[in-house]
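Results of the structural survey
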Amino acid sequence: MKFAIGIDGGGSKTEAVAVDDSGAELERFTGKASNPYAVTFEQAMIHIAEICDYFFSQPKFAGGDCLGICLGLAGADNEEERCAFARSLEEYAARRGKRCRIWITNDAEIALMAALRKNSGIAAIAGTGSIVYGLTEDGTRFRVGGWGHLLGDEGSGYKIGLHTLQAVMRSYDGVYPPTRLTELTLNKLGLASAPDLKHAVYQQEMKKQHVASFAELCIRASALGDGVAINIIDDAAAELALLTLALREKHPYFQHAPIAAAGSIFKHSRRYLDTFQQCLAAKGAENPVIVSGRSSADGAAQLALLLAESE
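Residues numbered from 1 in each chain as written. Predicted model: local features only at pLDDT ≥ 70, side-chain atom pairs only at ≥ 80, totals over all residues. Heavy atoms only, no water.

**Examining the overall build of the chain**
- In terms of regular secondary structure, the chain is built from 13 helices and 10 strands.
- Computed over the C-alpha atoms, the radius of gyration of the chain is 20 Å, within 12% of the 19 Å expected from 2.2 N^0.38 for a compact globule of 311 residues.
- If you line up the chain on its principal axes, its C-alpha atoms span 65 × 45 × 30 Å.
- Within the chain, the proportion of its 311 residues that are buried is 54%.
- At a minimum sequence separation of 6, the contacts of the chain that also span at least 24 residues come to 68%.
- When the accessible area of the chain is evaluated, it comes to approximately 14,300 Å², of which 50% is carbon and sulfur surface. (Helix = DSSP H or I, 4+ residues; strand = E, 2+ residues; numbered from the N terminus. Rg over C-alpha atoms; globule rule 2.2 N^0.38 Å. Buried < 20%, exposed > 50% of the residue type's maximum accessible area, 1.4 Å probe, protein only. Contact = heavy atoms within 4.5 Å. Areas by Shrake-Rupley, 256 points an atom, 1.4 Å probe, with all protein chains shown as cover.)

**Considerations on helix 13 (residues 296-310)**
- With 15 residues, helix 13 extends 21 Å between its outermost C-alpha atoms, agreeing within 8% with the 21 Å of an ideal straight helix rising 1.5 Å per residue.
- Along helix 13, 11 of the 15 residues are buried, which leaves the element largely enclosed by surrounding structure.
- Along helix 13, the positions that sit buried rather than exposed are Ser 296, Ala 297, Asp 298, Gly 299, Ala 300, Ala 301, Gln 302, Leu 303, Ala 304, Leu 305 and Ala 308.
- If you follow the buried residues of helix 13, they end up packed against strand 1 (2-9), strand 2 (13-20), strand 3 (25-32), strand 4 (65-73), strand 5 (102-106) and helix 3 (107-116). (Expected span 1.5 Å × (residues − 1).)

**Side note on the sheet that holds strand 10 (residues 289-291)**
- Pairing within the open sheet is mixed, and its 5 strands lie in the order 8-7-6-9-10. Since the sheet does not close on itself, it has two edges, and those belong to strand 8 (141-145) and strand 10, each with one partner. On average, each strand axis in the sheet is inclined to that of its neighbour by 20°, with strand direction left out of account.
- Pairing geometry for strand 6 (residues 121-126) and strand 7 (residues 130-135), over 6 bridges, is antiparallel. (Pairing = 2+ DSSP bridges. Axes fitted to C-alpha atoms, helices over the stretch in contact; angles between N-to-C directions.)

**Some details on the pairing of strand 3**
- Bridging between strand 2 and strand 3 involves 7 bridges; their strand directions are antiparallel. Following the sheet pairing, Lys 13 is matched in strand 3 by Lys 32.
- Linking two consecutive strands that pair antiparallel, namely strand 2 and strand 3, is a turn of 4 residues; a positive phi of about 95° is found at Gly 23 within it.

**Focus: the environment of Asp 173**
- Of note, Asp 173 is situated in helix 5 (residues 157-173).
- Note: C-alpha distance between Asp 173 and Asp 53 (120 residues apart in sequence) is 50 Å.

By themselves, these observations are geometric and do not establish any function.
So this is what it looks like as structure tokens:
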């Protein structure tokens with residue numbers, strides 16, 4: 001049996017899928033984070049190896065021909081990073097006695113494949129982090145954002161989570177009105193009062209993915225009509241729309257290219273998606289926005305098949 005493996009390496013989790021040579025799904029698995037900026041490079045490779053171990057240990061793949069592994073990584077966007085991951089994966093395959101082609105790309109290209117079934121167009125990604133990425137039909141690449149949680153990540157789960165935590169304290173101080181975010185946040189952390197949040201946040205040294213997990217509370221509160229949460233979601237969507245509008249100006253192709261809206265925030269917040277589209281339309285951008293029903297891991301697997309066929 002011939003098969004390919006697609007891996008979507010995110011800042012909170014890593015999703016992977018194996019498909020046969022016709023593109024049909026064979027097996028799916030979710031592992032720990034593998035974004036090198038959310039965890040160390042060494043930890044990321046351990047988590048990716050664990051995922052590959054899972055697939056290669058399944059009886060259905062024993063003796064099969066692995067056409068290749070395509071790894072799409074949030075945070076691995078330059079040549080040095082891609083080469084480092086490629087070398088490590090090649091060493092892993094050699095240790096396991098597997099002969100697999102290895103392709104390393106970013107999370108945006110596999111999102112395009114998942115949503116559009118082609119690797120050209122615009123990908124607006126809002127997950128733990130954020131980036132807007134464009135690929136023209138002739139293969140020229142452009143990007144806006146994706147500079148990490150200190151320098152960018154506009155509209156991301158991290159920024160929504162951070163603003164959620166800040167909103168709890170601002171509501172406590174009377175700057176913001178009472179908000180459901182307070183109760184939801186205190187319950188999530190098992191705290192008695194808002195001032196306890198300071199100790200919980202600073203003493204536990206919350207990492208990026210931990211802060212991003214509070215975005216789920218904001219999405220939930222916004223769906224219940226909480227005004228503070230609604231403002232956070234709307235502001236975040238508007239920020240990502242600004243990045244997308246900037247990307248449209250990078251090349252004439254992007255003026256009408258489809259936009260793949262990818263990442264957990266688009267998936268779980270209808271309000272975020274609607275606001276994003278409204279902000280684009282307000283600036284005259286009529287690009288079709290497509291939310292894929294397939295995961296980015298599916299896109300990575302399909303890209304692996306496409307690359308294997310082209311070689």
